[in-house]
Amino acid sequence: MNLYEQQASNRRRTWLIMFAFIAFLFLLGLGFDLFFLGSTVGFVPIGSLIALGVGSISAAFSYFTGDRAVLLATSARPIEELEATADEGERLKIRQLQNVVDEMAIAAGLPRPRVYVVPDPDPNAFATGRGPDHASLAVTRGLLDTLDREELQGVVAHEMSHIRNLDVRVMTIVAALVGAVALLSDWARRGMMWGGGGRRSDDDERGGGGAASIIFFVVWIVAILLAPIVAQMLAMMVSRKREYLADASGAELTRNPMGLARALEKIESAAAPTEMIKQGSAHLCIADPLGRSMNLKEGSWSDLFASHPPMAARIQALKAMAFQGEPHV
Amino acid sequence: MFVLVFLGIIVALVVWVIASYNGLVGLRNQVQNGWRQIDVQLKRRHDLIPNLVNAVRGSMDFERDTLTAVMEARAKALTATGPADAAQKEGQLSQALGRLIAVAENYPTLKSNDNVRMLQEELTGTENKVGFARQFYNDIATKFNTAQQVFPTNIMAGSLGFKPAELFEITDDKERDVPTVDLSRH
């Protein structure tokens with residue numbers, strides 16, 4: 001897959017996810033209308049309208065504030081702010097990061113993203129935003145302290161590829177929609193308790209409503225209960241495939257796969273969880289910040305729930321690019 | 001019927017010419033933009049060099065040759081015109097700078113000086129930026145040239161006034177042997 005195919009596939013994916021999201025909102029609202037408000041004459045689909053309205057507004061709001069929310073949640077600080085208060089040795093590190101980001105922005109032919117540092121001793125990094133023009137790149141303090149210039153370049157190139165391939169946009173949209181789905185499912189569950197009486201009187205009026213209505217009701221309940229989990233799994237699946245691609249196109253930017261391979265080895269050996277990065281933004285990171293064991297192997301179960309492919313496989317793939325693959329890693 | 005088919009072919013041809021022309025114009029603009037990026041980075045490098053030379057001059061008095069070589073290469077690079085000429089002169093400048101950094105490594109007072117280390121970082125950064133700007137330019141220029149040369153676009157590219165872009169490449173074999181200086185691991 002080359003860059004343009006990746007971008008095209010990400011655009012398709014974006015539309016598909018949006019479509020599925022709107023379909024889900026309809027299902028949610030329609031079920032609410034049918035079972036709790038009753039479909040009488042002069043029927044106004046108030047539940048559908050509320051679901052669509054609230055869902056869209058909540059998703060749009062999260063889409064435009066998602067990057068700021070992630071940066072805030074990880075206590076990331078803008079690099080310019082750090083530079084102002086840093087001492088001599090510190091300034092060198094910060095300047096190096098700025099230079100490396102500039103270099104990779106030039107290599108990718110993109111505007112320079114905003115750069116942040118997360119105060120966490122575990123080495124990790126992530127990118128977020130709505131696309132190349134509104135992108136932010138954050139690295140942890142631990143990453144700055146652990147990696148040398150070449151390795152840092154590899155990591156920044158990996159994140160820059162996520163930005164260039166529009167992965168960050170897909171991720172931000174997915175995160176926004178997952179949030180909206182969770183919110184609405186929660187409301188619907190509460191609504192069921194509140195509207196339980198309404199449902200019984202509705203059944204009486206229509207004399208049972210027929211088997212079709214019961215099946216739809218079951219589907220609806222299942223959809224509400226499963227939606228947050230399915231949405232989360234979707235986010236994970238999108239992310240795992242993208243990691244290999246970002247590794248490869250990052251190596252294409254630096255023309256030095258070994259830099260990133262060595263960086264991944266160092267990040268892997270510092271296996272402590274990244275405290276500042278919570279579950280919600282795990283899929284954005286270069287390495288799983290939670291240090292979960294399912295990311296260590298590949299298989300159907302890990303394929304469903306792990307946010308990152310196994311580190312050993314990624315390192316192996318990068319070494320193969322550098323014609324340095326070893327049979328036993 | 002025949003007239004309709006004939007008209008159809010004409011329309012298809014016109015659409016094809018317009019599409020190829022616009023595609024080539026887009027690529028040509030990207031190539032020009034890529035070249036300007038290189039220019040920006042080269043200028044940054046030229047501005048940085050006097051600072052670096054001043055910072056190390058005091059400690060490296062007897063390495064005057066190395067310093068003069070850098071300043072001379074810089075002066076020459078300032079007069080470069082066009083990708084091929086610039087590539088050659090900038091290559092020589094890179095070489096002179098590489099030697100200066102390699103020599104500076106031998107002076108402990110320089111290595112431990114924060115100012116000098118910061119300047120070295122700036123220089124490494126600038127060298128890399130020049131390199132990556134060149135990589136980006138060459139990639140996009142190659143794409144532009146390929147788009148002109150593939151059949152059937154090659155039939156009309158020339159007559160529409162498109163010329164292949166010059167690549168920014170190292171022509172002198174000696175320059176390929178620039179000593180690689182790794183500043184990242186002190």
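Just so we're clear, the structure is a prediction, and the values are computed from it rather than from any experiment. (Residues numbered from 1 in each chain as written. Chains lettered and ligands numbered in written order. Predicted model: local features only at pLDDT ≥ 70, side-chain atom pairs only at ≥ 80, totals over all residues.)

Caption draft 1: Looking closely at the sheet that holds strand β4 (residues 134-140) of chain A. Residues and elements named next belong to chain A. With respect to topology, 4 strands assemble into an open sheet ordered β1-β2-β4-β3, the strand pairing being mixed. Both outer strands of the open sheet, β1 (77-78) and β3 (125-131), are each paired with one neighbouring strand and no more. Sheet contacts for helix α2 (residues 46-73): β2 (114-118), β3 and β4; angle to β3, the most-contacted strand, approximately 160°. (Pairing = 2+ DSSP bridges. Helix = DSSP H or I, 4+ residues; strand = E, 2+ residues; numbered from the N terminus. Contact = placed C-beta atoms within 7 Å. Axes fitted to C-alpha atoms, helices over the stretch in contact; angles between N-to-C directions.)

Caption draft 2: Focus on the packing of helix α1 (residues 2-57) of chain B against helix α5 (residues 114-149) of chain B. Residue and element names in this part refer to chain B. Packing of α1 against α5 brings their axes to within 8 Å, and their N-to-C directions diverge by 160°. Considering the angle they form, α1 stands roughly antiparallel to α5. Seen from above, α1 lies across α5 with left-handed handedness. Residue composition of the contact of α1 with α5, by class: 21 nonpolar, 9 polar and 7 charged. (Parallel < 35°, antiparallel > 145°, perpendicular 65-115°, else oblique. Left-handed = near helix turned anticlockwise from the far one by under 90°. Nonpolar A, V, L, I, M, F, W, Y, C, P; charged D, E, K, R; others polar.)

Caption draft 3: Expanded view of the interface of chain A and chain B. Listed as interface residues are 13 residues of chain A and, on the opposing side, 14 residues of chain B. At 9 residues, helix α4 (residues 88-108) of chain A tops the list of elements feeding residues into the side of chain A that touches chain B. Per-class residue counts for the side of chain A that touches chain B are 3 nonpolar, 3 polar and 7 charged.

Caption draft 4: Molecular detail of unusual backbone geometry. The omega torsion of the bond from Phe151(B) to Pro152(B) falls at 0°, within 30 degrees of zero and hence cis. As for its placement among the helices and strands, Pro152(B) is situated in the loop between α5 and α6 (153-157). Although it is not a glycine, Arg255(A) sits at a positive phi angle of roughly 55°. With respect to the element layout, Arg255(A) can be found in the loop between α9 (210-254) and α10 (257-269).

Caption draft 5: Representation of the pairing of β3(A) within the structure. All names here are of chain A. Within β3, 5 of the 7 residues are buried, which leaves it mostly tucked inside the rest of the structure. Two elements, β3 and β4, share 6 bridges in a ladder whose sense is antiparallel. If you follow Gly129 over to β4, its bridge partner there is Ala135. The turn linking β3 back onto β4 is made up of 2 residues. (Buried ≥ 20, exposed ≤ 12 C-beta atoms within 10 Å, placed from the backbone.)

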